[in-house]
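Structural overview for review
If you want the building blocks of each chain, they are given just below.
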Amino acid sequence: MDQQAVNEPLLPPVLNEESGVGGREESEERDERVGRGKKSWTRETALCCLYIALYSFKPSEAFLVDFLSTKGVDGVSVFYVFTYSRGPALLLCLLLCRILGCKAVVVAGAVCSLITTALTLTTSKLLLLQVSQASVAFAFASLIGFEALQFNGAKHTFQMVSHLTKGFMLASCCGSSLLGQTLREYVGDKTLFTITLFFEGMACLVALFLPAGANSVLRSKEGSKEGGEGWRHVWFALKKGEIFRWTLLWTLCYAVHDLVLTNWQVLAQMKLNEHYGSSSRMNLNGYMWSAGYLLSALLTLGTSSFKRLYQYCAFVMVGAPLLMGM
């Protein structure tokens, strides 16, 4: 996208002394560049929103533990692989983003998500189900590459683009969870996983058309020199107190969120078994997920253009962990 064209101020035309139309032509050319830049920004933002909406549309997600139990598999013996794979997967994605580029990592993450659902749907072997959890750990970690693509494509409007994509992601999670809860009694868990598989396949196709972002180290003329500069920039950024505090808060909140999200279905199933028996299908996870994601989506979209958001950093830093604790 021609960022210079988007940021370039529209100046009044200055008439050329000889022809009297040179200034007008220059102004029209500038307007054309601005128009192309806006069209490119709109297209890239729409693609990012479409991708994350398709990627996040998983009507089967709230019923994963129940589905595994029908295969005679204990969820705890599967999910621990996901928990311990997250750290290595994040480091691997960071490295691959530098070597191959962020878009390649996003595409690989979409494919890994597809593989995870396919294995969950088709196999009952514990080892393959554990492999599927390692695969989905990479898929989740690849979202850091997706964030970087957004920042590369529209630095001057990153807040708006980031809020839009997160809002679409949360809205998709909300809608798919509600759909899954509604359809479950009529079509069963296997059909829900098949629907998830379809939307993940569509996400893989859309990922191929996402903006490429910055060049990778392998394609860069500077090679390893550019890679070294990048790490130095990270170090200098973290030395700033505010950036370090936000990084620490994000790391802790994200880790706790993933840990709870991974294991709360197991806890819910144990409580349901205690009160209703092991044969009960009194599982309302879809409604719970839908309500939580709906609230998150409204908050995210509602603050997408809130320019003074960063003036309330202390409130957000304290309020976010307290809200998660509730």
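The structure contained in this document is the topic of the report that follows. (Residues numbered from 1 in each chain as written. Predicted model: local features only at pLDDT ≥ 70, side-chain atom pairs only at ≥ 80, totals over all residues. Heavy atoms only, no water.)

Digging into the packing of aromatic side chains
Stated formally: Two aromatic rings from Phe, Tyr or Trp, using only the six-membered ring of Trp, form a pair when their centres are within 6.5 Å; if the ring planes differ by under 30 degrees the pair is stacked, by over 60 it is edge-to-face, and anything between is tilted. Counting from the N terminus, the helices are DSSP H or I runs at least four residues long and the strands are E runs at least two residues long. Throughout this description, buried means an accessible area under 20% of the type-specific maximum (1.4 Å probe, protein chains only), exposed means over 50%, and partly exposed covers the range between.
Counted under the stated rule, the structure contains seven aromatic pairs. Judged by centre distance (5.3 Å) and plane angle (50°), the rings of Tyr-51 and Phe-146 are tilted. Of this pair, Tyr-51 sits in helix 2 (residues 22-56) while Phe-146 sits in helix 7 (residues 143-153), placing them 95 residues apart in sequence. A single burial state applies to Tyr-51 and to Phe-146, both of which are buried. Plain terms: the ring middles of Phe-57 and Phe-199 are 4.3 Å apart, the flat faces sit at 40° to each other, and that makes the pair tilted.

Examining a nonpolar patch on the surface
What counts is decided by this rule: A patch consists of residues exposed above 30% relative accessible area that lack any salt bridge, with like charges linked at up to 9 Å and nonpolar side chains (Val, Leu, Ile, Met, Phe, Trp, Tyr) linked at up to 5 Å. Accessibility throughout is a Shrake-Rupley quantity obtained with a 1.4 Å probe, and a residue counts as covered only by protein chains that appear here. Salt bridge, as used here: a side-chain nitrogen of Lys or Arg that lies within 4 Å of a carboxyl oxygen of Asp or Glu.
On the surface, Phe-198, Met-202, Leu-205, Leu-208 and Phe-209 cluster together into a nonpolar patch covering about 530 Å² of accessible area. Mapped onto the elements, Phe-209 comes out in the loop between helix 9 (189-207) and helix 10 (224-238).

Topic: the nonpolar core
Let me state the cut-off plainly: In these notes, a set of buried Ala, Val, Leu, Ile, Met, Phe, Trp, Tyr and Cys residues joined through side-chain atoms within 4.5 Å is what counts as a nonpolar core. The contact definition used throughout considers only heavy atoms, calling two residues in contact when any of these lie within 4.5 Å.
The biggest cluster of nonpolar side chains holds 29 residues, and the ones touching the most others in it are Tyr-51, Ile-52, Tyr-55, Val-106, Phe-146 and Leu-210. If sequence neighbours within four positions are ignored, Leu-210 has contacts with Leu-47, Cys-48, Tyr-51, Lys-103, Val-106, Phe-146 and Leu-149. The next biggest cluster of nonpolar side chains, apart from the first, holds 10 residues, and it includes Leu-64, Val-65, Phe-79 and Leu-121.

As for the packing of helix 5 (residues 102-122) against helix 6 (residues 126-141)
Using the following cut-off: Lines fitted to C-alpha atoms define the axes, with helix axes restricted to the stretch in contact, and inter-axis angles between N-to-C directions lie between 0 and 180 degrees. If an angle is under 35 degrees, it is roughly parallel; if it is over 145, roughly antiparallel; if it lies from 65 to 115, roughly perpendicular; otherwise it is oblique. Handedness of a crossing is defined here by the sense of rotation of the near helix relative to the far one, left-handed for an anticlockwise turn of less than a right angle and right-handed for a clockwise turn. All residues other than Ala, Val, Leu, Ile, Met, Phe, Trp, Tyr, Cys, Pro, Asp, Glu, Lys and Arg, Gly among them, are scored as polar; the first ten of these are nonpolar and the last four charged.
Interhelical geometry of helix 5 versus helix 6 gives an angle of 155° and a closest axis separation of 8 Å. In terms of orientation, helix 5 and helix 6 fall into the roughly antiparallel class. Helix-helix and strand crossings are classified by hand; for helix 5 and helix 6 the assignment is left-handed. Contacts between helix 5 and helix 6 involve Val-105, Ala-108, Gly-109, Cys-112, Ser-113, Ile-115, Thr-116, Leu-119 and Thr-120 from the first element and Leu-128, Leu-129, Val-131, Ser-132, Ser-135, Val-136, Phe-138 and Ala-139 from the second. Across the contact of helix 5 with helix 6, the residue classes break down as 11 nonpolar, six polar and no charged.

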